[in-house]
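Residues per chain, in single letters:
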Amino acid sequence: MSTILITGATSGLGRHVTFELVRSGHRVLAHGRDAGRVEQLVEELRAEGEAEGFVADLASLDRVRQLAAHVAGEHPELDVLINNAGVGFGSPGSRRELSADGHELRLAVNYLAPVALTRALLPVLRANAPARIVNVGSAGQEPIDLDDPELSRGYDGTAAYRRSKFALAAHTFALAEELAGTGVAVNVLHPATYMDTGMVREGGITPWNTVADGAPGVLALATQDLGTGSYFDGTTPSRAHEGTYDASVQRRLAAVTDQLLKL
């Protein structure tokens, strides 16, 4: 049995995956932003197995770090982290939004939050190796402008989303190298295209797939040894945007990320 923290567990893909994990006998730490929804979810999950709820707004880096400290304190046996929470394109024509820290919202939630959460939980994961980190990315990736990572010029919600997912993939590959030999695997995947989620519907898109279609890839990476430093399309090994593998891009991104996280 693994102890698995999954972010964004109260709806969409996260909710579906959470039930699958609990039914498979894992202890699930279900994160959400809304206390009432987390409480309701945990109540339902406990009818099937072991679950505990954690509440945090990932648009605040302070809250992200508090979440990590809370989880590490309560569950020093944690051995799997699924960074699933995310913000989509937004409704068509929506304006640029900021996080609690003043960062562009999609970059903050889709990239900075998982990086900060992962870093804070790495000591626990390393202590429990073999351990796994699963980053839920997207096939929609476009190179991030490292001179304007927060898209302060010519903002577009779709571009902001795709750049955050490009950054997440590049970070995954760099982190996998950093963790080589530690027993901590880290991979990124595109679960399925345009799943039937609130995020997709908000973007004015008619869903192509169900959340059940996106679950197998996440479940496989969370519960099986599938190596490290890879990108998957569902359950199939694939290639992310070629730019994400560029070592110079990874180095520059790391420097910019450290600056944005105010390390």
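Note that the structure is predicted; figures quoted are calculated from it, not measured.

Notes on the overall build of the protein chain
Consideration 1: When helices and strands are tallied, the protein chain shows eight helices and eight strands.
Consideration 2: In terms of overall dimensions, the protein chain is globule-like: its C-alpha atoms have a radius of gyration of 17 Å, near the 18 Å expected for 263 residues.
Consideration 3: When the backbone C-alpha atoms are referred to their principal axes, the protein chain occupies close to 50 × 40 × 35 Å.
Consideration 4: The buried share of the protein chain, taken over its 263 residues, is 54%.
Consideration 5: At a minimum sequence separation of 6, the contacts of the protein chain that also span at least 24 residues come to 70%.
Consideration 6: Looking at the protein chain as shown, the accessible area adds up to about 11,300 Å², and 47% of this sits on carbon and sulfur atoms.
Consideration 7: Charged side chains of the protein chain number 23 positive and 32 negative; the gap between the two group centres comes to 4 Å.

Brief notes about the sheet that holds strand β7 (residues 231-233)
Consideration 1: Taken in spatial order, the eight strands make up an open sheet running β3-β2-β1-β4-β5-β6-β7-β8, and their pairing is mixed. In the strand order of this sheet, the two ends are held by β3 (51-55) and β8 (236-238), each with one partner. Averaged over all pairs of adjacent strands, the angle between strand axes in this sheet comes to 25°, irrespective of strand direction.
Consideration 2: Relative to strand β4 (residues 80-83), strand β1 (residues 3-6) runs parallel, the two being bridged by three bridges. Paired with Leu5 across the strands is Leu81, a residue of β4.
Consideration 3: Relative to the sheet, helix α5 (residues 157-178) contacts β5 (131-136), β6 (184-190) and β7, its axis offset from that of β6 by approximately 155°.
Consideration 4: The sheet strands contacting helix α7 (residues 211-223) are β4, β5, β6 and β7, and the helix crosses β5 at an angle near 160°.

What about empty space enclosed by the protein?
Consideration 1: All told, the structure shown has three cavities of 30 Å³ or more when counted by the stated rule.
Consideration 2: Its volume calculated, the largest cavity comes out at about 50 Å³.
Consideration 3: Lining the largest cavity are Thr7, Leu58, Val64, Asn83, Ala85, Val109, Ala113, Pro114 and Leu117.
Consideration 4: Element by element, the count of residues in the lining of the largest cavity is highest for helix α4 (residues 105-127), at four residues.
Consideration 5: Lining the second largest cavity are Glu104, Leu107, Ile144, Pro149, Leu151, Ala160, Arg163 and Ser164.
Consideration 6: Per-element tally for the lining of the second largest cavity: the top contributor is α5, with three residues.

A closer look at the nonpolar core
For soluble globular proteins, nonpolar side chains are generally found buried alongside one another.
Consideration 1: The biggest cluster of nonpolar side chains holds 41 residues, and the ones touching the most others in it are Leu5, Val71, Leu78, Tyr111, Leu117, Leu121 and Ile133.
Consideration 2: Contributing elements (two or more residues each) for this core: α3 (61-74), α4, β5, α5, β6 and α8 (247-260).
Consideration 3: Apart from residues lying up to four places away in sequence, Ile133 is in contact with Leu81, Asn83, Thr118, Leu122, Leu125, Leu175, Leu179, Val184, Ala185, Val186 and Asn187.

Considering the layout of surface pockets
Consideration 1: The space that makes up the second largest pocket amounts to roughly 280 Å³.
Consideration 2: If you trace the second largest pocket, you find 15 residues lining it, with His171, Ala174, Leu175, Glu178 and Ala254 closest to the centre.
Consideration 3: At the level of secondary structure, the elements contributing two or more residues to the lining of the second largest pocket comprise α4, α5 and α8.
Consideration 4: Grouping the amino acids of the lining of the second largest pocket by side-chain chemistry returns eight nonpolar, three polar and four charged.

Cut-offs applied
Residues numbered from 1 in each chain as written. Predicted model: local features only at pLDDT ≥ 70, side-chain atom pairs only at ≥ 80, totals over all residues. Heavy atoms only, no water. Helix = DSSP H or I, 4+ residues; strand = E, 2+ residues; numbered from the N terminus. Rg over C-alpha atoms; globule rule 2.2 N^0.38 Å. Buried < 20%, exposed > 50% of the residue type's maximum accessible area, 1.4 Å probe, protein only. Contact = heavy atoms within 4.5 Å. Areas by Shrake-Rupley, 256 points an atom, 1.4 Å probe, with all protein chains shown as cover. Lys, Arg positive; Asp, Glu negative; His and termini not counted. Charge placed at Lys NZ, Arg CZ, Asp CG, Glu CD. Pairing = 2+ DSSP bridges. Axes fitted to C-alpha atoms, helices over the stretch in contact; angles between N-to-C directions. 1 Å grid on protein atoms, 1.4 Å probe; cavity = no way out; pocket = protein on both sides within 12 Å on 5 of 7 lines; lining within 4 Å. Points joined across faces, edges and corners; volume = space filled by probe spheres on them. Core = buried A, V, L, I, M, F, W, Y, C linked by side-chain atoms within 4.5 Å. Nonpolar A, V, L, I, M, F, W, Y, C, P; charged D, E, K, R; others polar.

This is a description of form; function is not addressed.
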